[in-house]
Amino acid sequence: MPGAISQWFSAGDYLLALPMILLSIFALGILLIDLMLPPEWKSINAWTAGIGLAFSTAAVIRIHLAYARAGQGVLSYTGFMGSMMVDRFAIYFFYLFLVGAGIAILMSAHYLEIERENHGEFYALILFSVVGMMCMAAGFDIVLIFIGLELMAISTYVLVGFLRSDRRSNEAALKYLLLGAFSSGIFAYGLSLLYGLTGSTNLQLIGEHLATHMRENPHDPIAILALVTTSTGLFFKIAAIPFHQWAPDAYEGAPTSITGFMSVAVKAAGWAMLLRIFLSGLYPMRPIYVPLLVFVAIATMTGANLAALTQNNLKRLLAYSSIAHVGYMLLGLIAGSSTTPSATGIQGILVYLLVYTFMNLGAFAVITSLRRRDVIGDEIDDIAGLITRAPAEAVLMLIFLLSLAGIPPLAGFYGKYFIFLSLIETGHYQLAAVAVLYAVFGLYYYMRIANAMFMRKAVDTRPVTLSPAMATALAITGIATVGIGIFPDLFIRAAGWSLSIAQPLQLTSLFH
Amino acid sequence: MVPLHYYLLLSAILFACGVTGFLIKRNIITIFMSIELMLNAVNLSFVAFAARWHVLSGQVFVFFVMVVAAAETAVGLAIIIAVYRTRETLNVDQVNLLKL
């Protein structure tokens, strides 16, 4: 029946999906245009991708304005029979993904020419993975979330292995693919059990049915198995210890700009999915998953901070540092799901993801700019004496590192501040003390890089040249890192705004 | 009619076989097949539950899982070929340039 479809899906549904539709169109366009481009015109692909991101941003802003006009009256816009929920939370993440992808594209343009792998597919895959991320953030149905997850993951596997003739890149892609597919399998098994327990694929309905189920049968082994498998899949995706083994390898072997992209956008998407599932679908199982989270958070902070101390490869060091940051963010989720739930914890995670996007991409941009035809530039020796070779970059890198360590008044401080505040609000004093202790560890390995940059003699004394795109990326990330630190109000309010509806809807409706 | 828990038991056994294969096998292709086995266990459990609840969404999920498995295989085999070209081996223990 051709008429039937129009009764199910209204034009409004497609408006909600417009950011993703536009990105898909541009990604397909890049694939087609790339075939016709002579080698010296390949930079057009980056421009096309940038324009695609701009159009998509415009579509997101349009939904954003609809919320602004509607005021507090509108709870959230759902589409496609409740499977997609573009609420304020999703919009916040859409902006994060778009910014992350935009900066990654700026970092890639010149880098790919050096690697002699300047193909249009690279940009198309970045756009496709952003589409997947958006489905993960806006998905309110496990089918859409799973599809989004896989679209993102499969695109990223290819991006990690993009340097086909580089043995490290191949190996990283293989490890990432095997462990990623394995974790997706476990995650899907957990989803199937959740579906079996509740008879629905909608997260809201899963949450409601699971609440009844847990009241009748609080220690049902199937429910616990569903929780454990689902959360294992989620922990794999955000690279929390003990499911982190893929991260250092994938981060080290991937093209540097993709490492940056993975550590911010892919991670943010994993977090969007994790928060959605834990705070709506699995929320009735709170008493069981909080101890699990405490264990994973402490293991993550301990393992990652200790492992980072001895790393000599910058990308690997930053990979462990990014795992450690996941540990801090998990603490926010613990505060957000304790007996007196604290919105500060979840807000802290959102602020953290925002500031992390800028400071981590900035650090990776500096490492990317060290790449030359004959120098890989990702060892700690390569950054030695950077102050004499490129003073501006050395200072910027110092800012990013201090921000990653959480030194005020830089942006990174506010991420940690809200997490620790929420822990104290909910009475988790021991966790807060442990987290602060590990933050000090973090300072040591970040300062090791700073020490190499400022105190040691340069091994390679040639000055570092910056392409205009890379200079733009560094400027954006640098200004944002300092700017958020000095004027944090706006960004903290943005994070609060994104939770303004999700909070009562998800945290209290399931609360009886 | 076969009771539901027979299907679930079979699905759990298949899944466990897949996980075990993933953990102990050393050939990349075999590891890949183990992952497919895991995904098929997921499919079986979805179909069984869909029959139990009389809701089609579980069966729809199976189609998507199959699509995902196909896409993953396509990308996976391409990556495996790239690895083989640079190393001439399909043993994961010899793909060890990046230290843990």
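Just so you know, these numbers come straight off a predicted model, no measurement behind them.

Quick word on the overall build of chain A
Counting its regular elements, chain A contains 21 helices and two strands. Taking 24 Å as the expected radius of gyration for a compact globule of 512 residues, we find that chain A reaches 22 Å, a close match to that expectation. If one aligns the C-alpha atoms of chain A with their principal axes, the spans along those axes are about 70 × 60 × 45 Å. Classification of the 512 residues of chain A by burial places 65% in the buried group. Taking the contacts inside chain A whose residues are at least 6 apart along the sequence as the reference set, 81% of them involve residues at least 24 apart. Counting 26 positive and 26 negative side-chain charges, chain A places the centres of these two groups 4 Å from one another.

Details of the overall build of chain B
Tallying secondary structure elements over chain B gives three helices and zero strands in all. Of the regular secondary structure in chain B, the N- to C-terminal order runs α-α-α. Relative to a compact globule of 100 residues, whose C-alpha radius of gyration would be 13 Å, chain B shows 17 Å and is clearly more extended. The principal-axis extents of the C-alpha atoms in chain B amount to approximately 50 × 25 × 20 Å. Taking all 100 residues of chain B together, the buried fraction comes to 40%. When the accessible surface of chain B is totalled, it reaches about 5600 Å², and 71% of it is carbon and sulfur.

Concerning the nonpolar core
All names here are of chain A. Phe 93, Trp 246, Phe 261, Trp 271 and Leu 330 are the most contacted members of the largest nonpolar core, which totals 222 residues. If you tally residues by element for this core, the top one is helix H7 (residues 167–198), at 18 residues. Those residues within four positions of Trp 246 in sequence are excluded, and the remaining contacts are Tyr 176, Leu 179, Phe 236, Lys 237, Ala 239, Tyr 251 and Met 262.

Cut-offs applied
- Residues numbered from 1 in each chain as written.
- Chains lettered and ligands numbered in written order.
- Predicted model: local features only at pLDDT ≥ 70, side-chain atom pairs only at ≥ 80, totals over all residues.
- Heavy atoms only, no water.
- Helix = DSSP H or I, 4+ residues; strand = E, 2+ residues; numbered from the N terminus.
- Rg over C-alpha atoms; globule rule 2.2 N^0.38 Å.
- Buried < 20%, exposed > 50% of the residue type's maximum accessible area, 1.4 Å probe, protein only.
- Contact = heavy atoms within 4.5 Å.
- Lys, Arg positive; Asp, Glu negative; His and termini not counted.
- Charge placed at Lys NZ, Arg CZ, Asp CG, Glu CD.
- Areas by Shrake-Rupley, 256 points an atom, 1.4 Å probe, with all protein chains shown as cover.
- Core = buried A, V, L, I, M, F, W, Y, C linked by side-chain atoms within 4.5 Å.

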